[in-house]
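Remarks on the overall topology
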Amino acid sequence: MREPLFVKQNAQKWKNIENAASNDPDELADRFMQITDDLAYAKTFYPDSKTTAYLNGLAAKLHQSIYKNKTEKNNRFILYWRYELPLLFKTYQKQLLYSFIFFVVFCLIGMVSAKYDDRFVRLVLGDTYVDMTDVNIANHDPFAVYKHGSSFSMFFQIGANNIYVSLVTFVSGVFGSVGTVYFLFRNGLMLGSFEYYFFSKGLGTASLLVIWIHGVLEISSIIIAGGAGLVLGNSLLFPKTYNRLESFKKGAKDGMKIAVGLVPIFIVAAFFESFVTRHTEMPVWLSLTILISTFTFIIWYVIIYPNLLTKTKT
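Residues numbered from 1 in each chain as written. Predicted model: local features only at pLDDT ≥ 70, side-chain atom pairs only at ≥ 80, totals over all residues. Heavy atoms only, no water.

Considerations on helix α9 (residues 178–200)
The end-to-end C-alpha distance of α9 is 32 Å, a good match for the 33 Å that 23 residues give at a rise of 1.5 Å each. Following α9 by one or two positions, G202 adopts a phi angle in the positive range, close to 80 degrees. (Helix = DSSP H or I, 4+ residues; strand = E, 2+ residues; numbered from the N terminus. Expected span 1.5 Å × (residues − 1).)

This is the structure we're talking about:
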């Protein structure tokens, strides 16, 4: 669609949104969703136009109106999960996609490297872990590592470590996204070599049924944290209609909101790893139920729901 036609079709709507005052948080959120949808379209097809700059300003104005609204204070937490975080997923869907692609490529590199170099798995996972797992496999309990120690202590340690990894992955984006890509490389390489190791032992299906009980949420969150890091890094590299400082502030704010939004997901993943994964003999149907449920949640909340939210209402 040509820009003049796009403006002609939407000008009256934009004018109404800009001039009509409202204190209803749901109404403000609906307007914000409509504008961000139009802004995403304009950024795609007219990235340097006055229309895009205008919609940027209008979106910022609506954003401020939402958070200055007194009624919203009591619903701040709910609105964050219901609107703000999903809208950020939609706004930065390209960065999330790039993070996913990076991670998958690095994972495949890890698998191929492990296949053609017998020393690679030990290099990436460490001799201690590989030797311990070899012993566990010989004892017909390949996933015994998840059964050691107190479930409660594991929960806190794993949860804290996962949150730390996600924040480091995000913050590293300040180095022009290179730092974030590096941590995606490390984690992707580890996952690829890890999975190849178990498949090479004839335990591939078992590893999927056991380890991915917590792995779906954990790995998805690392990829999303990578997307947040790319948001931060790209705000410095590609400021677009903003000056570089303002672009960086916006990228840092939005990226942090995405990274912080992962905390509950990491906590649930830590719970699964500490209290559920250790039950390696659970029925296949139960394992599949957990896997499908967590995978469905991620796809719905990160991809489907944000697109439904931003669909223009007629």
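Describing a nonpolar patch on the surface
Residues L97, Y98, F100, I101, F102, V104, V105, L108, I109 and M111 make up a contiguous nonpolar surface patch of about 820 Å² in total accessible area. With respect to the helices and strands, the residue Y98 is situated in helix α5 (residues 93–116). We classify Y98 as partly exposed; its relative accessible area is 42%. (Patch = residues over 30% accessible without salt bridge, like charges linked within 9 Å, V, L, I, M, F, W, Y side chains within 5 Å. Areas by Shrake-Rupley, 256 points an atom, 1.4 Å probe, with all protein chains shown as cover. Salt bridge = Lys/Arg side-chain N within 4 Å of Asp/Glu carboxyl O. Buried < 20%, exposed > 50% of the residue type's maximum accessible area, 1.4 Å probe, protein only.)

Observations regarding the packing of α5 against α9
Two elements in contact, α5 and α9, have axes separated by 7 Å at closest approach and are oriented at 45 degrees. Comparing the axis directions of α5 and α9 gives the class oblique. Here the hand of the crossing between α5 and α9 comes out right-handed. Residue-level inspection shows S99, F102, F103, F106, C107, I109, G110, M111, A114 and K115 of α5 in contact with α9, the latter providing V181, L184, F185, N187, G188, L189, L191, G192, S193 and Y196. Grouping the constituent residues of the contact of α5 with α9 by class yields 13 nonpolar, six polar and one charged. (Axes fitted to C-alpha atoms, helices over the stretch in contact; angles between N-to-C directions. Parallel < 35°, antiparallel > 145°, perpendicular 65-115°, else oblique. Left-handed = near helix turned anticlockwise from the far one by under 90°. Contact = heavy atoms within 4.5 Å. Nonpolar A, V, L, I, M, F, W, Y, C, P; charged D, E, K, R; others polar.)

Thoughts on the side chain of E273
Summarising the element assignment, E273 is placed in helix α12 (residues 263–276). One buried charged residue, E273, forms no salt bridge at all, with the nearest opposite charge on R278 at 9.4 Å. (Lys, Arg positive; Asp, Glu negative; His and termini not counted.)

That's the geometry; what it means functionally is another story.
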